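Summary of structural features
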Amino acid sequence: MSQYTTRVIEEMMERNPNQPEFHQAIKEVVESLEPVFEKNPEYKEAGILERIVEPERQIMFRVPWVDDEGNVQVNRGFRVQYNSALGPYKGGLRFHPSVNVGIIKFLGFEQIFKNALTGRPIGGGKGGSDFDPKGKSDGEIMRFCQSFMTELYRHIGPDLDVPAGDIGVGGREIGYLFGQYKRIVNAYEAGVLTGKGLNWGGSLARTEATGYGLVYLVEEMLKEQGDSIADKEVVISGSGNVAIYATEKVQELGGKVVALSDSGGYVYDPEGIKLDTVKEIKEVRRGRIKEYVEEHPSAEFTADSSAIWQIDCDIALPCATQNELNEESAQALVDNDVILVGEGANMPSTPKAIEVFKENSILFAPAKAANAGGVATSAIEMTQNSMRESWTFERVEGTLKGIMINIHKISSQTAKEYGMEGDLAAGANIAGFLKVADAMVEQGVI
Ligand code: GLU
């Protein structure tokens, strides 16, 4: 590491103490940018790195609400508007008890580069709350969302900041959030949120987009090796939106998904996961993955979600949450001859796990490239909202596929150009950074 990048990282860590995920996300990107600063001194002169690590604006607010027993509850809400060089801030909202400002900042920082890679005009942002939706009634979820939006509305807008879903925020929550926004601003601004319902401004294929996009990118990487997903055994962690639709696409392409998980553990079904059952459990009942074995005796449940990586497989797709795949899990995958690891979640592999994959020449699809399909399709939803149109499923899916193929192409070309052929993580970071950095140079010191 050069003196310059070391200094920027040290200052960032000093200024943001006790935010390990945020530090991790910044270090991972900055380390891969070293050759960029050597080749393009103008970025250093314009202070791009110093500016890009600092969010443009951070909002933190109280979210009071009343639970079903009549007790007053207080949660904390966040929105980090990280970078608007390429377009309005764009990124999801996460409702999970682990949420704090460091988590939102790491996610917002990642979002800047991911969004840039999509080629769509969207900046980077992220938000959420430490609210735990688990076990809450519909009424409680609605009252929480309304209270959250009662503060958030003044900070967002279709040309300013466009939130969407993430962990704990799906179609139901986006509905309640949109209803409250519309009521307060007294206008139907469809483009203020994405992931909306299909008959009120949402886009077909948005629900499927992150999982489908991940598998398109994986398929592109395999194609380069003269291989494909057909007949591959695949382990996917998580069982939310990303994992479910990654499973669907893998199965469509002839692969076999043998395991899925949630925070309570994983199910292993050697005959292949029956997705209808999972959809019924997770999307309809809002239940737990262990309920799967009640309907499929061929499957077994293990109450340890991180042990999912011990399963023998060809392809591993971590689609649950940050740092879910550590060094030991990475080694277990390598020992079982895994060919490819594709990140559906945001930053699911620890830095040590990534090192293990690198040392063993495992094909690695980094999150910023691999899970960009969700936000790319959000941008397509914004396009439809601006046009007051609804595109067909085929049109949206075709556009998404084109974007994923392009992300693979620019990431691998950029890696090659900077002397790191085959390193998609470095290629994606550099390609995303260059777009944002050029825009920041052209827009002056702001
Ligand atoms: N939460 C998703 C992500 O991590 C989607 C964000 C969006 O659609 O704005 O990229």
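Our subject is the structure listed above.
Here's what I pulled together on the structure shown here. Quantities reported herein were computed from a predicted structural model and do not represent experimental measurements.

Structural notes on the site of the ligand
- Taken together, 14 residues form the shell around the ligand, and within it Lys 90, Lys 114, Gly 165, Asp 166 and Ser 378 come nearest.
- Separating a nitrogen atom of the ligand from a backbone N or O atom of Gly 165 is a distance of 2.9 Å.
- In the complex, the protein chains occlude 94% of the 300 Å² of accessible area that the ligand would expose alone.
- Contributing elements (two or more residues each) for the shell around the ligand: strand 3 (89–95), helix 5 (101–117) and helix 15 (372–387).
- Across the shell around the ligand, the residue classes tally to two nonpolar, seven polar and five charged.

As for the nonpolar core
- Of all hydrophobic cores here, the largest spans 50 residues; its most connected members are Val 218, Ile 236, Val 278, Ile 315, Leu 317 and Ile 407.
- Top element by residues in this core is helix 8 (residues 206–224). It accounts for nine residues.
- Ile 407 has contacts with Leu 117, Thr 118, Leu 217, Ala 369 and Ala 372, leaving out every residue within four places of it along the chain.
- Among the nonpolar cores identified, the runner-up in size contains 40 residues, and Tyr 4, Phe 78, Tyr 418 and Ile 430 belong to it.

So, the pattern of salt bridges
- For the structure shown, the criterion picks out 26 salt bridges.
- Residue Arg 7 is joined to Glu 11 by a salt bridge in which the shortest nitrogen-to-oxygen separation is 3.6 Å. Here Arg 7 and its partner Glu 11 are both found in helix 1 (residues 3–15), four residues apart, which amounts to about one turn of the helix.
- Its relative accessible area of 44% is what places Glu 11 among the partly exposed residues.
- Glu 381 is the salt-bridge partner of Lys 196, the closest N and O atoms lying 2.8 Å from each other. Residue Lys 196 is found in the loop between helix 7 (171–185) and helix 8, and its partner Glu 381 is found in helix 15; the two are separated by 185 residues along the sequence. With respect to burial, Lys 196 and Glu 381 carry one shared label: buried.
- A network of salt bridges, in which partner residues are shared, links Glu 280, Arg 285, Glu 291 and Glu 295.

Some details on the sheet that holds strand 12 (residues 363–365)
- An order of 9-8-7-6-10-11-12 is seen for the seven strands of this open sheet, with the pairing classed as mixed. Strands with a single pairing partner mark the edges of an open sheet, and in this sheet they are strand 9 (300–302) and strand 12. With strand direction ignored, the average angle separating the axes of adjacent strands in the sheet is 15°.
- Direction of pairing for strand 8 (residues 265–268) relative to strand 9: antiparallel, over a ladder of three bridges. Pairing of Val 267 across the sheet is with Phe 301, part of strand 9.

Considerations on helix 17 (residues 424–443)
- The terminal C-alpha atoms of helix 17, which comprises 20 residues, lie 29 Å apart, in line with the 28 Å expected from a rise of 1.5 Å per residue.
- Along helix 17, 15 of the 20 residues are buried, which leaves the element largely enclosed by surrounding structure.
- Residue Asp 423 occupies the N-cap position of helix 17, its side-chain oxygen lying 3.3 Å from the main-chain nitrogen of Ala 425.

A closer look at the pairing of strand 3
- By the criterion of burial, strand 3 is predominantly enclosed, with seven of the seven residues buried.
- With helix 5 bridging strand 3 and its parallel neighbour strand 4 (residues 124–129), the resulting β-α-β unit is right-handed.

What about a negative patch on the surface?
- A cluster of acidic residues, Glu 42, Glu 45, Asp 438 and Glu 442, forms a negative patch on the protein surface.
- Among the secondary structure elements, those contributing two or more residues to the negative patch are helix 3 (41–45) and helix 17.
- Here Glu 42 lies in helix 3.
- Residue classification places Glu 42 among the partly exposed positions, given a relative accessible area of 36%.

A few points about helix 16 (residues 393–417)
- The terminal C-alpha atoms of helix 16, which comprises 25 residues, lie 36 Å apart, in line with the 36 Å expected from a rise of 1.5 Å per residue.
- By the burial criterion, the buried members of helix 16 are Val 396, Glu 397, Leu 400, Ile 403, Met 404, Ile 407, His 408, Ile 410, Ser 411, Thr 414 and Ala 415.
- Where helix 16 is buried, its residues meet helix 5, helix 8, helix 9 (241–252), helix 14 (367–370), helix 15 and helix 17.
- Immediately downstream of helix 16, the backbone of Gly 419 shows phi near 75°, a positive value.

The rules we used
- Residues numbered from 1 in each chain as written.
- Predicted model: local features only at pLDDT ≥ 70, side-chain atom pairs only at ≥ 80, totals over all residues.
- Heavy atoms only, no water.
- Near = heavy atom within 4 Å.
- Polar contact = N/O pair within 3.5 Å; in protein donor to acceptor, adjacent residues only side chain to side chain.
- Areas by Shrake-Rupley, 256 points an atom, 1.4 Å probe, with all protein chains shown as cover.
- Helix = DSSP H or I, 4+ residues; strand = E, 2+ residues; numbered from the N terminus.
- Nonpolar A, V, L, I, M, F, W, Y, C, P; charged D, E, K, R; others polar.
- Core = buried A, V, L, I, M, F, W, Y, C linked by side-chain atoms within 4.5 Å.
- Buried < 20%, exposed > 50% of the residue type's maximum accessible area, 1.4 Å probe, protein only.
- Contact = heavy atoms within 4.5 Å.
- Salt bridge = Lys/Arg side-chain N within 4 Å of Asp/Glu carboxyl O.
- Pairing = 2+ DSSP bridges.
- Axes fitted to C-alpha atoms, helices over the stretch in contact; angles between N-to-C directions.
- Expected span 1.5 Å × (residues − 1).
- Right-handed = clockwise from strand over helix to strand, strands pointing away.
- Patch = residues over 30% accessible without salt bridge, like charges linked within 9 Å, V, L, I, M, F, W, Y side chains within 5 Å.
- Lys, Arg positive; Asp, Glu negative; His and termini not counted.
- Charge placed at Lys NZ, Arg CZ, Asp CG, Glu CD.

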